[in-house]
Amino acid sequence: MPREIVATFVTLDPPPQPKPQPAPPKTVPVVKKPVTQPKPRPVISDKPAPKAITEDVPPPAPQQESKEPPSDVAPTAPPAPAAPATPKTISGVSYINPPRPVYPALDARMGNEGTVTLRVLINEKGKAERVEIQKSSGSTRMDDAARDAVMRALFKPYVEDGRATPAFAIVPINFTLNR
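A few points on the structure. Source: prediction; values computed, not measured. (Residues numbered from 1 in each chain as written. Predicted model: local features only at pLDDT ≥ 70, side-chain atom pairs only at ≥ 80, totals over all residues. Heavy atoms only, no water.)

### Focus on the overall build of the protein
Step number 1: When its secondary structure is counted, the protein shows two helices and eight strands.
Step number 2: Listing the helices and strands of the protein from first to last along the sequence gives β-β-α-β-β-α-β-β-β-β.
Step number 3: Among the 179 residues that make up the protein, the fraction classed as buried is 18%.
Step number 4: Taking all contacts inside the protein whose residues are at least 6 apart in sequence as the whole, residues at least 24 apart take part in 76%.
Step number 5: Summing over all exposed atoms, the protein offers an accessible surface of approximately 16200 Å²; the carbon and sulfur share of this is 58%. (Helix = DSSP H or I, 4+ residues; strand = E, 2+ residues; numbered from the N terminus. Buried < 20%, exposed > 50% of the residue type's maximum accessible area, 1.4 Å probe, protein only. Contact = heavy atoms within 4.5 Å. Areas by Shrake-Rupley, 256 points an atom, 1.4 Å probe, with all protein chains shown as cover.)

In structure tokens:
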């Protein structure tokens, strides 16, 4: 009788291949964006700085009269007119068209209130030529709104000796919320 032969096939797993090593990470230089600082507001003043360098010009030497005929030298120019005097500061300014400041929306939402005191140069026509912040409200948005409103306002010109002359005026602008 024939015998049974049992055969089993064994499959061998292929030998494990070494795992490929991941490529080393690329080094990328970090680029930092420059941080821009807000520009400071210039402070404008009519007075020279305490340590300002000034030039002292000696007075011209007196000319001696000579009996000789004039030479081909050009005559000297007449002296320059004196610089206009600094406008005086007045109190109690009158308006033709008063300033109407727009309350900044963000300051209104935050509940900010304050008073901006401005120093305004009013020209002969009653318009604001220059506006300087004398005392801030604490909010640059309110300060800017007050400055813009005063620049749009129309003042009664300051009259001295029957003539309109430029003058400085102190103008307070109040920002208050109606509660």
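Next comes the rest of the write-up.
### Some thoughts on the pairing of strand E8 (residues 167-175)
Step number 1: Of the pairings in the sheet, the one linking strand E1 (residues 89-90) to E8 comprises two bridges and is parallel in character. By the bridge assignment, Ile90 is partnered in E8 with Ala169. (Pairing = 2+ DSSP bridges.)

### So, the pattern of salt bridges
When charged atoms on two side chains of opposite charge get close, those side chains can pair.
Step number 1: Taken as a whole, this structure holds five salt bridges when the rule is applied.
Step number 2: Residue Glu160 is joined to Lys88 by a salt bridge in which the shortest nitrogen-to-oxygen separation is 3.0 Å. Residue Glu160 is found in strand E6 (residues 158-160), and its partner Lys88 is found in the segment before E1; the two are separated by 72 residues along the sequence.
Step number 3: Where Arg119 meets Glu132, a salt bridge forms, and the shortest distance between an N and an O atom there is 3.5 Å. Taken together, the residues Arg119 in strand E3 (residues 114-122) and Glu132 in strand E4 (residues 128-135) connect sequence positions 13 residues apart. (Salt bridge = Lys/Arg side-chain N within 4 Å of Asp/Glu carboxyl O.)

### Section: the sheet that holds E4
Step number 1: Taking strand neighbours across the sheet as the criterion, the four strands line up as E1-E8-E3-E4 in an open arrangement whose pairing is mixed. Of all strands in the sheet, those with a lone pairing partner are E1 and E4, marking the two edges.

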